[in-house]
Amino acid sequence: MNDDLPIPSLPVLITGASGKLGRDLIPSLIARGWRLRLTDIAPFPDPLPANAEFIAADLNDREAMLRLAQGCACIVHFGGLVEYGTFETVLGPNLRGVHHVFEAALAHGLRVVYASSNHVIGFHERETVLDKDCTYRPDSYYGLSKVFGEMVARFFWDRNGVESVSLRIGSCFPEPKQERMLATWLSREDMARLVAHSVTAASTGCAVVWGVSNNRASWWQGDDRARIGWAPRDSADAYQSQFPPPGDSPADRFQGGGFCEIGYTRG
Ligand code: 15L
């Protein structure tokens, strides 16, 4: 780990604990000596670590979210639907869910670390280098729901002073799986440290950070990482020779990759 972050004195609430990123994250936070309160609508599939409790809940259930957040140090919100989606499938878990999370944060005076996504800007062309204040160009109902989540974060900050860090996560896998990920890859270790810095930073305001490793091919720069003291350590650069160059399909032209082809009718 090789960093010296404080251990939160109260448990950290993690939504989406049974999902891919939640399960990737939990062991490294436990290894830091953190206590965790885990929640998901699905059962937790792994052996429960000694310093963790699991409470099943639906993000649609406002009262449950308020109860879960009570007595916690911070909410790490990784819950919600992660496929392309439809309006109806993102409405409950992603839109209503993120609103419930911020209501719980406001009620208990907590910061939210929010798993946003690169799919909020997916319809920018690959040639365009973006900073965090670029125009939203969501590529899916999932991306659209993440734009809503970032706006909820902004609204609760401007209205109520609820702190948040929106992590625009690229592609978090053990290693890059396709050419696009030479730009978008986020190693699991960089992701876990990104969350740890977001939780423990002295103050964040309403921060936005690109969740991407130190990849030469990246399209993303200019964010609030200095506020949380995080910098990625890993890089996709060594994988470059493994993939053929991109073609000219929508998946290859736009930053959001394959999500951009679903429902795409512009030719
Ligand atoms: C995401 O936000 C998705 O959750 C994940 O499944 C990947 O598709 C990733 O983005 C990506 O863009 O590679």
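Our structure's up above, just so we're on the same page.
Residues numbered from 1 in each chain as written. Predicted model: local features only at pLDDT ≥ 70, side-chain atom pairs only at ≥ 80, totals over all residues. Heavy atoms only, no water.

Comments concerning helix α4 (residues 141–160)
Item 1. Compared with an ideal rise of 1.5 Å per residue, which puts 20 residues at 28 Å, α4 spans 28 Å between its outermost C-alpha atoms and is within 8% of the ideal.
Item 2. Listed in full, the buried residues belonging to α4 are Tyr 142, Gly 143, Ser 145, Lys 146, Val 147, Gly 149, Glu 150, Val 152, Ala 153 and Phe 156.
Item 3. Buried positions along α4 lie against α3 (87–108), β5 (112–117), β6 (164–169) and β9 (206–211).
Item 4. Phi for Gly 161, located one or two positions after α4, is positive at around 75°. (Helix = DSSP H or I, 4+ residues; strand = E, 2+ residues; numbered from the N terminus. Expected span 1.5 Å × (residues − 1). Buried < 20%, exposed > 50% of the residue type's maximum accessible area, 1.4 Å probe, protein only. Contact = heavy atoms within 4.5 Å.)

Overview of the layout of surface pockets
Item 1. If you add up the space inside the largest pocket, you get close to 870 Å³.
Item 2. Forming the boundary of the largest pocket are 45 residues, of which Lys 20, Leu 21, Val 82, Tyr 142 and Phe 259 lie nearest the centre.
Item 3. For the lining of the largest pocket, the elements supplying multiple residues, two or more each, are α1 (20–31), β2 (36–40), β5, α4, β7 (171–172) and α8 (250–253).
Item 4. In terms of residue class, the lining of the largest pocket is made up of 18 nonpolar, 18 polar and nine charged. (1 Å grid on protein atoms, 1.4 Å probe; cavity = no way out; pocket = protein on both sides within 12 Å on 5 of 7 lines; lining within 4 Å. Points joined across faces, edges and corners; volume = space filled by probe spheres on them. Nonpolar A, V, L, I, M, F, W, Y, C, P; charged D, E, K, R; others polar.)

Re the pattern of salt bridges
Item 1. What the rule picks out here adds up to 16 salt bridges.
Item 2. For Arg 23, the salt bridge is made with Asp 46, and the minimal N-O distance between the two is 2.8 Å. Note that Arg 23 is positioned in helix α1 and Asp 46 in the loop between β2 and β3 (52–56), a separation of 23 residues in sequence.
Item 3. Arg 23 gets classed as partly exposed once you look at its relative accessible area, which sits at 35%.
Item 4. By relative accessible area, which is 25% here, Asp 46 ends up partly exposed.
Item 5. Here Asp 224 and Lys 132 are joined by a salt bridge, their closest N and O atoms 3.8 Å apart. In this pair, Asp 224 is assigned in the loop between β9 and α7 (225–228) and Lys 132 in the loop between β5 and α4, connecting sequence segments 92 residues apart. You'll find Asp 224 and Lys 132 in the same group, each marked buried. (Salt bridge = Lys/Arg side-chain N within 4 Å of Asp/Glu carboxyl O.)

Side note on the site of the ligand
Item 1. Taken together, the residues surrounding the ligand are Val 82, Ser 117, Asn 118, His 119, Tyr 142, Gly 170, Ser 171, Arg 180 and Phe 259.
Item 2. A distance of 2.8 Å separates an oxygen atom of the ligand from a polar side-chain atom of His 119.
Item 3. Within the contact set of the ligand, an oxygen atom lies 2.8 Å away from a side-chain nitrogen or oxygen of Arg 180.
Item 4. Considered on its own, the ligand offers 320 Å² of accessible surface; in the complex 78% of this is hidden by protein.
Item 5. Mapping the ligand onto the cavity grids shows that it belongs to the largest pocket. (Near = heavy atom within 4 Å. Polar contact = N/O pair within 3.5 Å; in protein donor to acceptor, adjacent residues only side chain to side chain. Areas by Shrake-Rupley, 256 points an atom, 1.4 Å probe, with all protein chains shown as cover. Sits in = over half its atoms within 2 Å of the grid points.)

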